[in-house]
Amino acid sequence: MAKTAKHREMDMLHGGLAGRLILFALPLAFSSILQQLFNSADVAVVGRFAGDAALAAVGSCVALVGIFVNLIVGLSVGPNAVLALLIGQNSRDEINRTLHTVLTFGAALGAGLMLVGWLSARPILVLSGTPESVLNEALLYIFIYFLSIPFMVVYNFGAAVLRSYGDSRRPMYYLLLSGTVNVVLNLFLVIVMQLGVAGVAIATVISNVLSAVMVITHLIRRDDDFAFRFRRMRIEKEPLLRILQIGIPAGIQGAIFSVSNVFIQSGINSFGENAIAGSSLALNFEYFTYDIANAFAQAAVTFTSQNFGAGDIRRCKRIFRLCLLFGIVFTEILSAVFMAWDDFFVSIYTSSSAVAVFAVSRMRHVCSLEGLTATYEVESASLRGMGRSLEPAVFTILGTVVFRLIWMATVFRLFPTYEMLMNVYPASWIFTGAALLIVYVRQMRRTARSM
């Protein structure tokens, strides 16, 4: 192992866990929040300076964007878990060729997803019931936005490489810079250039390009096992299969998870433009709180992968318990802050009282219980850290997709109120978390018996 690598990696295999997990997860949470600010800045600027119709146009795209973003984030679990496992096994000779496979595949995947996004945008927006009055602006926004998809994939895969050896701070710094650029460009392109939804989409593209360039530049400058060189770009079958074995179920889970939100979006659309705008506004706060739960899930998959590779099952169990506890507690702390000053936070995005009513209602029914997402996220991540990716994907799809569709066909049909539609989220989190806890406990027992 190169000397520089030893100095740059976090030791996840020895010593105390609580402090290391927090130091690893909180920069990740902040990074994800900054990434979410790309879209929330779009919503805030459009809502304030381009009107409610433009806000509804951007809001109508949230579920569609979520399909692709969740697919990309889910797929990036594969590189993270595989590289961390190689570190735990001390298989240093495999790291560099896996790294180049990851980034080469990521670039090709991003281009493919961009094309799929362009082709599927109109049918999905129409299917979700996007009002005709905002459809053209929504399509303009989404067409420009999808130009950023290849760079989004490269950034997320590159950041997964950094996370695999314990560096969660650099992605935070990169997103802090690119997020600031995004906000400044939003204000300039919308207020000064009067570009409306096109302006905020262009700003998002530029921001994603910047973050991707920074993470690749860092890897190029390394001189150890994690050094990236363009001349070595190739896709090797064995590393790719290991990555996809974990990444594909996670990616499909994330994408299908968002498909259920498309159907829920159709229910929201039935309440009119104010509901669409208010719901998409409140969704930003849910993303912020969820990002904390997801950060501890990412900590769980990375720490579990390394320790599972090293054969330390007892330490894997401690990682699970701590990540679950921290994920719930830290998420609920931020949720409490949003609940205490909900009127103020909503006013940042809109001055419309009609929109605010729907936004506050969603926050109280969904955001206040966001800590429940840490249950199924940490359980899924811990299983993936041990190489078990299919089971959490199946049970999460059953709990957060099938359960929600059944809810809409039964409970929401019997009580067709906006509040009852919002209740589907916490109900599905409870169901999924309980199911995956049973799967996790059974898997740990089987693993302990076999080792």
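Computed from a predicted structure; not experimentally measured.

Visitor: I keep staring at the nonpolar core and nothing clicks. Help me out?
Guide: In globular proteins that are soluble, nonpolar side chains generally tend to be buried together. Membership of the largest hydrophobic core comes to 138 residues, with the highest contact counts inside it found for I149 and F285. For this core, the element with the most residues is helix α12 (residues 273–309), which contributes 15 residues. The residues contacting I149, other than those within four sequence positions of it, are F68, I72, G110, L113 and M114.

Visitor: Any chance you could explain a nonpolar patch on the surface here in plain terms?
Guide: Together, F49, V183, L187, F188, I191, V192, M193 and L195 make up a nonpolar patch on the protein surface, roughly 670 Å² of accessible area in all. No other element matches helix α9 (residues 169–192), which puts 5 residues into the nonpolar patch. With respect to the secondary-structure elements, M193 resides in the loop between α9 and α10 (197–221).

Visitor: It is not clear to me how the packing of α9 against α10 should be interpreted in this structure. Could you clarify?
Guide: Angle between the axes and distance between the axes are the two parameters that describe a pair of packed helices. Running from N to C, α9 and α10 point in directions that differ by 155 degrees, and their axes come no closer than 8 Å. Viewed along their axes, α9 and α10 adopt a mutual orientation that is roughly antiparallel. Of the two possible hands of crossing, α9 and α10 adopt the one that is right-handed. Residues R170, Y174, L175, L177, S178, V181, N182, L185, N186, L189 and V190 of α9 form the contact with α10, whose participating residues are G199, V200, I202, A203, T204, I206, S207, L210, S211, M214, V215 and H218.

Visitor: When you look at helix α16 (residues 373–385) in this model, what are you seeing that I'm missing?
Guide: Residues spaced three or four apart along an α-helix point in a common direction, a consequence of the helix completing one turn every 3.6 residues. In this model, α16 (13 residues) spans 18 Å end to end at C-alpha, consistent with the 18 Å of a helix rising 1.5 Å per residue. Counting buried residues in α16 gives 13 out of 13 residues, a clear majority hidden from the surface. A positive backbone phi angle near 85 degrees is found at G387, which sits one or two residues after α16.

Visitor: Can you walk me through the pattern of salt bridges in this structure?
Guide: Any two side chains of opposite charge can pair, on the condition that their charged atoms come close. Counted under the stated rule, the structure contains 10 salt bridges. For the salt bridge of E286 with R362, the shortest nitrogen-to-oxygen distance reads 2.5 Å. With E286 in helix α12 and R362 in helix α15 (residues 353–365), this residue pair connects regions lying 76 residues apart in the sequence. For the pair E286 and R362, a shared accessibility class is recorded, and that class is buried. The shortest N-O distance in the salt bridge between D342 and R364 comes to 3.1 Å. Of this pair, D342 sits in helix α14 (residues 342–349) while R364 sits in helix α15, placing them 22 residues apart in sequence. Overall, the relative accessible area of 7% leaves D342 in the buried class. Here the salt bridges do not stand alone but share partners, grouping E94, R97, E236, E238 and R242 into one network.

Visitor: Help me out: how do you make sense of the packing of helix α5 (residues 77–88) against helix α6 (residues 92–127) in this one?
Guide: Put simply, α5 and α6 touch, their axes get as near as 9 Å, and they point 165 degrees apart. With respect to each other, α5 and α6 are oriented roughly antiparallel. α5 and α6 meet at a crossing whose hand is left-handed. Contacts from P79, V82, L83, L86 and I87 of α5 reach α6 at R92, E94, I95, T98, L99 and V102. Class assignment for the residues of the contact of α5 with α6 results in 8 nonpolar, 1 polar and 2 charged.

Visitor: It is not clear to me how unusual backbone geometry should be interpreted in this structure. Could you clarify?
Guide: Here N90, not a glycine, exhibits a phi torsion of approximately 60 degrees, which is positive. Relative to the assigned elements, N90 resides in the loop between α5 and α6.

Visitor: Looking at this structure, I do not really get the packing of aromatic side chains. What am I missing?
Guide: Geometrically, a pair of aromatic rings is defined through the distance of the ring centres and the angle of the planes. Evaluation of the coordinates by the stated rule reveals 24 aromatic pairs. Note on Y165 and F226: the rings are 4.6 Å apart at their centroids and 55 degrees apart in plane angle, and the pair reads as tilted. In this pair, Y165 is assigned in the loop between α8 (149–164) and α9 and F226 in the loop between α10 and α11 (237–269), connecting sequence segments 61 residues apart. On the accessibility criterion, Y165 (0% relative accessible area) is buried. With relative accessibility at 0%, the residue F226 sits in the buried group. Here the aromatic cluster, defined as three or more aromatic residues joined through ring pairs, consists of F285, F288, F338, F344 and F345.

What counts, and where the lines are drawn
- Along every chain, residues carry numbers that run from 1 in the direction the sequence is written.
- Local features in this predicted model are restricted to residues whose pLDDT is 70 or higher, and side-chain atom pairs enter the listing and the counts only when it is 80 or higher, whereas totals over whole chains, interfaces and linings include all residues.
- Water and hydrogen atoms were dropped before computing side-chain values, which therefore reflect all heavy atoms in the structure.
- Put simply, a nonpolar core is a bunch of buried Ala, Val, Leu, Ile, Met, Phe, Trp, Tyr and Cys residues held in one set by side-chain atoms that sit within 4.5 Å of each other.
- Only protein chains enter the accessibility calculation, which uses a 1.4 Å probe; a residue is then buried when its area is under 20% of its type maximum, exposed when over 50%, and partly exposed in between.
- Secondary structure follows DSSP: runs of H or I at least 4 residues long count as helices, runs of E at least 2 residues long count as strands, and numbering of each begins at the N terminus.
- By definition in these notes, contact holds between two residues if any of their heavy atoms fall within 4.5 Å.
- Only residues above 30% relative accessible area that lack a salt bridge enter a patch, with like-charged residues linked at up to 9 Å and the nonpolar side chains Val, Leu, Ile, Met, Phe, Trp and Tyr linked at up to 5 Å.
- Working definition of accessibility: Shrake-Rupley area with a 1.4 Å probe, residue cover restricted to the visible protein chains.
- Salt-bridge detection follows one rule: a side-chain nitrogen of Lys or Arg within 4 Å of a carboxyl oxygen of Asp or Glu.
- Lines fitted to C-alpha atoms define the axes, with helix axes restricted to the stretch in contact, and inter-axis angles between N-to-C directions lie between 0 and 180 degrees.
- Roughly parallel here means an angle under 35 degrees, roughly antiparallel means over 145, roughly perpendicular means 65 to 115, and every remaining angle is called oblique.
- Crossings are sorted by hand: turned counterclockwise from the far helix by less than a right angle, the near helix makes the crossing left-handed, and turned clockwise it makes it right-handed.
- Expected helix span is taken as 1.5 Å per residue step, with the number of steps being one fewer than the number of residues.
- As a working rule, the residues Ala, Val, Leu, Ile, Met, Phe, Trp, Tyr, Cys and Pro are called nonpolar, Asp, Glu, Lys and Arg charged, and the rest polar, with Gly in that last group.
- Ring pairs are drawn from Phe, Tyr and Trp, using the six-membered ring of Trp, whenever the two centres fall within 6.5 Å, and their geometry is named by plane angle: stacked under 30 degrees, edge-to-face over 60, tilted for the rest.

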